[in-house]
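# Residue-level structural notes
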Amino acid sequence: MFPPVESAEPDGLLAYGGDLSTERLLLAYREGIFPWYNEPPILWWSPDPRFVLFPNELQVTASMKQVLKKNLFTITFDQDFPGVIAGCKETYRPGQDSTWITNEVEAAYTKLHKDGWAHSVECWMDGKLAGGFYGIRLGKCFFGESMFARVSNASKAAFITFVQRAAKEGIEIIDCQVYTDHLASFGARFITRKDFIDIIKKYQF
């Protein structure tokens, strides 16, 4: 069990400790909570406001429309989850001393994938993995976790293709967790934690 999300600190920190078992992770996501830490103990977060993207609000720049039109990339789904999470793990993040994707996190989310909860989107170029991202799907809610790109625009192409497909499949909300300029450029925006919880409670099953 987790404390009520309303008891989180101003920065969103809600709890620490526990483990990354499938049961605990699924409970966390269903309550609007996610793990994020560099070293033990595990830290659990539920920020307010929450940064999200509604698929029908996706914005694609003219330059990215041209990139997609050229068919430089091949986009696949759930074809190489281990490769995607490994790519996210090795990617340098400005301002971070180390990746938050520890071996423990990698193993936990790989198990979630094998159990059908975690999903990956791959972007290929010339037969090699150029970028992608992964996250958790619960019903009509997708909880994004991490993305990477080894080739310029690879993660953008993967994300745009995913969101367009998500809209067709009836996904109502994509959780982006916290603000980034990258995701804001696609139309992601802040909503209150209460609104976020209300939405995921309605659509996660």
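Because the structure is predicted, anything quoted here is derived from the model rather than measured. (Residues numbered from 1 in each chain as written. Predicted model: local features only at pLDDT ≥ 70, side-chain atom pairs only at ≥ 80, totals over all residues. Heavy atoms only, no water.)

## Some details on the packing of aromatic side chains
- The full count for this structure, using the stated rule, is 14 aromatic pairs.
- Their ring planes at 75° and their centres at 5.2 Å tell us that Phe133 and Phe162 sit as a pair that is edge-to-face. Note that Phe133 is positioned in strand β7 (residues 128-138) and Phe162 in helix α5 (residues 154-169), a separation of 29 residues in sequence. Across this residue pair, the class does not change: Phe133 and Phe162 are buried.
- Centre to centre, the rings of Phe159 and Phe186 are 5.1 Å apart; their planes meet at 45°, and the pair counts as tilted. Separated by 27 residues along the polypeptide, Phe159 in helix α5 and Phe186 in the loop between α6 (181-184) and β10 (189-191) bring together distant segments of the chain. Each of the two residues, Phe159 as well as Phe186, counts as buried. (Phe/Tyr/Trp six-rings, centres within 6.5 Å; stacked < 30°, edge-to-face > 60°. Helix = DSSP H or I, 4+ residues; strand = E, 2+ residues; numbered from the N terminus. Buried < 20%, exposed > 50% of the residue type's maximum accessible area, 1.4 Å probe, protein only.)

## As for the sheet that holds strand β3 (residues 43-45)
- The strand order across the open sheet built from three strands is β1-β3-β2, with neighbouring strands paired in antiparallel fashion. Since the sheet does not close on itself, it has two edges, and those belong to β1 (13-16) and β2 (34-35), each with one partner. (Pairing = 2+ DSSP bridges.)

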